[in-house]
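The residues making up each chain are set out below.
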Amino acid sequence: MKIVRTIEELDAYRNELGNGSLAYVPTMGALHEGHLSLVSLAKEKGDLVAVSIFVNPTQFAPHEDFDSYPRMEEEDAKILEAEGVDILFIPDEGVMYPDGMNSDVKAGSNAEGLETTFRPTFFDGVVNVVYRLFDAVKPDIAIFGQKDFQQQQVVRQMVEEQSLPIEIIAAPIYRDDSGLALSSRNLYLSAEELPIARQLNVVLREAAKTGDTDAAEKVLLDLGFDKIDYVASRWNRILGAAWLGKTRLIDNIAI
Ligand code: AMP
């Protein structure tokens, strides 16, 4: 595995590797088994695998956790090396945003509601960086997790609207034994919060059966969640976002 930090290095190494198909997994690092399940899907789908680690400033609002977001580049690189990844792209802000953080692309209608109600600039930041990352990496295939279900829909729509020659593949949600969806932000959870967090998927599963999203919100509050951003139904799924202390968790379950 080669670590590249600039687009020039990335292009040069991509050429060295020859013209097999390239499957790509964008991440913000602090890797866990959920990310690795995307990497193994990438290995299945492509001849070559690229992963990027970039904590993208444009998708964080000023009051959000950009500064405290977990960064563990060395450990992440070791893990990806062991997984047999070919290219690890770790750009800095200057590489991704050489001319500032303005964007030519905006998130489309799939961004409406849900996350956007609570994080109004989030998906514009996501499509901004994903468009730039795709331009840099030039993958044939890109893998996104269904854990961030709306994000995957927004990226898919961006790829269609921009007519990018990239196949977007959805990876299933990777969960621990309790059903908790793995997330880098789970690192923020205290020992007291963790058992409460583990109820989110259980409550969404129940809502997927009953269709009663209002009841689900109430149950989550009763269980100890501090604030519910939403439990809602879309794309034939029940999607939820809820706060435990300073940690915001999201999950979704197929109906
Ligand atoms: P992140 O590093 O949080 O930006 O996530 C990078 C990619 O991994 C995104 O496509 C996420 O949807 C995906 N991902 C994160 N956690 C999981 C999980 N538990 N199961 C499946 N995909 C995940």
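Just above, that's the structure.
Not measured: the values here are computed from a predicted model. (Residues numbered from 1 in each chain as written. Predicted model: local features only at pLDDT ≥ 70, side-chain atom pairs only at ≥ 80, totals over all residues. Heavy atoms only, no water.)

**Q** Looking at this structure, how should I read the site of the ligand?
**A** Taken together, 16 residues sit near the ligand, with His-35, Gly-145, Asp-148, Tyr-174 and Leu-182 positioned nearest. Interatomic distance of 2.9 Å between a backbone N/O atom of Gly-145 and an oxygen atom of the ligand. With respect to the ligand, the side chain of Asp-148 contributes an N or O atom lying 2.6 Å from an oxygen atom. Where the shell around the ligand is concerned, the elements lending two or more residues are strand 2 (22-27), helix 2 (33-45) and strand 5 (141-145). Ranked by the residues each element gives to the shell around the ligand, the list is headed by helix 2, at three residues. Per-class residue counts for the shell around the ligand are nine nonpolar, five polar and two charged. (Near = heavy atom within 4 Å. Polar contact = N/O pair within 3.5 Å; in protein donor to acceptor, adjacent residues only side chain to side chain. Helix = DSSP H or I, 4+ residues; strand = E, 2+ residues; numbered from the N terminus. Nonpolar A, V, L, I, M, F, W, Y, C, P; charged D, E, K, R; others polar.)

**Q** Which parts of the structure should I look at to understand the pairing of strand 2?
**A** Looking along a regular strand, one sees side chains alternate from face to face of the sheet. Summarising burial for strand 2: six of the six residues are buried, a large majority. The alternating pattern of strand 2 places Leu-22, Tyr-24 and Pro-26 on one face and Ala-23, Val-25 and Thr-27 on the opposite face, and all of these are buried. Relative to strand 3 (residues 48-53), strand 2 runs parallel, the two being bridged by six bridges. Note on strand 3: the bridge partner recorded for Pro-26 is Ser-52. What joins strand 2 to strand 3 is helix 2, and the crossover it makes is right-handed. Strand direction decides the pairing type here: strand 2 and strand 5, joined by two bridges, are parallel. Bridging from a neighbouring strand, Tyr-24 pairs with Ala-142 of strand 5. (Buried < 20%, exposed > 50% of the residue type's maximum accessible area, 1.4 Å probe, protein only. Pairing = 2+ DSSP bridges. Right-handed = clockwise from strand over helix to strand, strands pointing away.)

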